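# Architecture and fold: a report
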Amino acid sequence: MTERRPLALVACGALAREVREIAARHGWDADLYPIPALDHLAPRKIVEDVERELASLNGRYEKVVVVYGDCGTFGALDQVLERFGAVRTAGPHCYEMFGGKQLAAEADRRLSTFFLTDWLVRNWERAVVEGLGIGRFPFLRNTYFDHITDVLYLRQSPEPSLEAKAREIAEFLGVPLEIRDVGLGDLERRLVELVDETAAP
């Protein structure tokens, strides 16, 4: 019988870079399995792709931690995790993980805010302009974003090139930009607690 590996981290592709950094910093003997971040355009895909990955990993690891929020699956993701004995980081989505308590306290008055993270800034053209069809049908820009009043960039790392791109995005949307340096927010704490908890006898 093949010996099981200690830890699998099944992570949203939009969080994979940060999860890899966290795992290295804490010295975890872990394997990372990213799920396509563009699944967020159709959350049902998140459930399907995570389920497929968990099925392929079943029995190969002592612990499987899924690094996702609910991400619009309305509990369907948690039902899949329960079947496979996997656990996930707490929270509704990655913006809340990065923004933490401050963002949670502001949620009711930020219904018209468009949120950015480092990943979304880096992948704006692919994820938004092309992913939502705006490149082919420019009129969709107004359809998707006319209700937006501002952009909040929850920044993980202060890279000048990303800041410049975030300002371009805000200009494209025609709204003001706020930049908030949050680093990894609550993501690292929640993930570390979860790995430590699942490592306990």
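Structure's up top.
Predicted, not measured: the structure shown is a model, and the values here were computed from it. (Residues numbered from 1 in each chain as written. Predicted model: local features only at pLDDT ≥ 70, side-chain atom pairs only at ≥ 80, totals over all residues. Heavy atoms only, no water.)

## Comments concerning the sheet that holds strand 6 (residues 150-155)
Here three strands make up an open sheet; going across it, the order is 5-6-7 and the pairing parallel. With one partner strand each, in any of the chains shown, strand 5 (113-116) and strand 7 (177-181) form the two edges of the open sheet. In this sheet, neighbouring strand axes are inclined to one another by 20° on average, regardless of whether the strands run parallel or antiparallel. With five bridges connecting them, strand 6 and strand 7 associate as parallel partners. (Pairing = 2+ DSSP bridges. Helix = DSSP H or I, 4+ residues; strand = E, 2+ residues; numbered from the N terminus. Axes fitted to C-alpha atoms, helices over the stretch in contact; angles between N-to-C directions.)

## Describing the packing of aromatic side chains
Think of a pair of aromatic rings as described by two things: how far the centres are apart, and how the planes are tilted against each other in angle. A complete count under the given rule lists eight aromatic pairs for this structure. Between Phe114 and Phe145, the ring centres sit 5.4 Å apart and the planes meet at 85°, which makes this aromatic pair edge-to-face. Here Phe114, found in strand 5, pairs with Phe145, found in helix 7 (residues 140-145); they are 31 residues apart in sequence, far enough to count as distant. We classify Phe114 as buried; its relative accessible area is 16%. The lysine or arginine in question, Arg141, covers the ring of Phe172, its NZ or CZ lying 5.8 Å from the ring centre. (Phe/Tyr/Trp six-rings, centres within 6.5 Å; stacked < 30°, edge-to-face > 60°. Buried < 20%, exposed > 50% of the residue type's maximum accessible area, 1.4 Å probe, protein only. Lys NZ or Arg CZ within 6 Å of the ring centre and 35° of its normal.)

## As for unusual backbone geometry
In this model, Cys71 sits at a positive phi of 55°, which is unusual for a non-glycine residue. Along the chain, the position of Cys71 falls in the loop between strand 3 (61-67) and helix 3 (76-84). Look at Phe74: it is not a glycine, yet its phi comes out positive at around 55°. With respect to the helices, strands and loops of the structure, Phe74 is situated in the loop between strand 3 and helix 3. Residue Phe74 is classed as exposed on the basis of its relative accessible area, which comes to 79%.

## Considerations on the sheet that holds strand 3
Spatial strand order, 2-1-3-4: four strands in an open sheet with parallel pairing. Either end of the sheet is taken by a strand with one partner, and the two such strands are strand 2 (30-35) and strand 4 (87-88). Here strand 1 (residues 5-12) pairs with strand 2 via six bridges, running parallel. What sits directly across from Leu7, in strand 2, is Ala30.

## A closer look at the pattern of salt bridges
Taken as a whole, this structure holds 25 salt bridges when the rule is applied. For the salt bridge of Glu178 with Arg110, the shortest nitrogen-to-oxygen distance reads 3.4 Å. One end of the pair, Glu178, is in strand 7; the other, Arg110, is in the loop between helix 4 (94-106) and strand 5, and 68 residues separate them in sequence. Its relative accessible area of 31% is what places Glu178 among the partly exposed residues. Between Glu125 and Lys165 there is a salt bridge, and its shortest N-O distance comes to 3.3 Å. Here Lys165 lies in helix 8 (residues 160-173) and Glu125 lies in helix 6 (residues 124-130), a separation of 40 residues in the sequence. For Lys165, a relative accessible area of 21% corresponds to the partly exposed category. (Salt bridge = Lys/Arg side-chain N within 4 Å of Asp/Glu carboxyl O.)

Without other data, these values stay purely geometric and don't point to any function.
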